[in-house]
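# Structural features, examined
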Amino acid sequence: MGSILWVATKLLNFADSIIGEAAACLLALETAVSMHHPFVMVESDSESVIKNLKGADTLWGIENYVRQCKRLSNCMISCNFSFISRSCNVAKWAFANNFNGMVEVSTIPIDILCNDHEV
């Protein structure tokens, strides 16, 4: 069990949703490293991206993002990648509410921050 300490959002323009999800995971890790967090859980509703980050699958289209994510994850004591339900989509909520940048966790509805991930 853990706590959500921060949420970072950024409008990314990708025609391919898989590449966008991989880029979002990279943004999360870049932010975590810059904030010196030693224990991180990166969550995504893209099972394909999570499988790639865990090394269980390979998609050449996101290989550069996956390589950068793995390099950054080595800067931490623990970094896990977790698949979550699309109903727990903070990115969709942030876009609908025009949030960009760091989002105060207390402003996010509790039903979006559900705890149904697999590690």
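Nothing here was measured: the structure is a model prediction, and the numbers come from that model. (Residues numbered from 1 in each chain as written. Predicted model: local features only at pLDDT ≥ 70, side-chain atom pairs only at ≥ 80, totals over all residues. Heavy atoms only, no water.)

So, about the overall build of the protein. Within the protein, the regular secondary structure consists of four helices and four strands. What you see for the protein is a C-alpha radius of gyration of 13 Å, in line with the 14 Å of a compact globule of 119 residues. Projected onto the principal axes, the alpha-carbon positions of the protein cover approximately 35 × 35 × 25 Å. Residue burial in the protein is summarised as follows: out of 119 residues, 34% are buried. Sequence-distant contacts in the protein: of pairs separated by 6 or more residues, those separated by 24 or more amount to 73%. Looking at the protein, you have 8 positive and 12 negative side-chain charges, and the mean spots of the two groups are 6 Å apart. (Helix = DSSP H or I, 4+ residues; strand = E, 2+ residues; numbered from the N terminus. Rg over C-alpha atoms; globule rule 2.2 N^0.38 Å. Buried < 20%, exposed > 50% of the residue type's maximum accessible area, 1.4 Å probe, protein only. Contact = heavy atoms within 4.5 Å. Lys, Arg positive; Asp, Glu negative; His and termini not counted. Charge placed at Lys NZ, Arg CZ, Asp CG, Glu CD.)

Once that is clear, we can look at the nonpolar core. Judged by nonpolar contacts, the single largest core of 17 residues is most densely connected at Leu29, Val42, Leu53 and Phe81. Counting only elements with at least two residues in this core, the list comes to helix 1 (17–34), strand 2 (39–44), helix 2 (47–53), helix 3 (63–73) and strand 3 (78–83). A total of five residues in this core trace back to one element, the largest contributor, which is helix 1. Ranked by size, the runner-up nonpolar core spans nine residues in total, among them Val90, Ala94, Val103 and Ile108. (Core = buried A, V, L, I, M, F, W, Y, C linked by side-chain atoms within 4.5 Å.)

End to end, helix 1 covers 26 Å across 18 residues, agreeing with the expected 26 Å (1.5 Å per residue, within 8%). Taken as a whole, helix 1 has its buried residues at Gly20, Ala22, Ala23, Cys25, Leu26, Leu27, Leu29, Thr31 and Ala32. Against the buried residues of helix 1 lie strand 1 (7–9), strand 2, helix 2, helix 3, strand 3 and strand 4 (101–103). At the N-terminal boundary of helix 1, the capping side chain belongs to Asp16, with an oxygen 2.8 Å from the backbone nitrogen of Ile18. (Expected span 1.5 Å × (residues − 1). Polar contact = N/O pair within 3.5 Å; in protein donor to acceptor, adjacent residues only side chain to side chain.)

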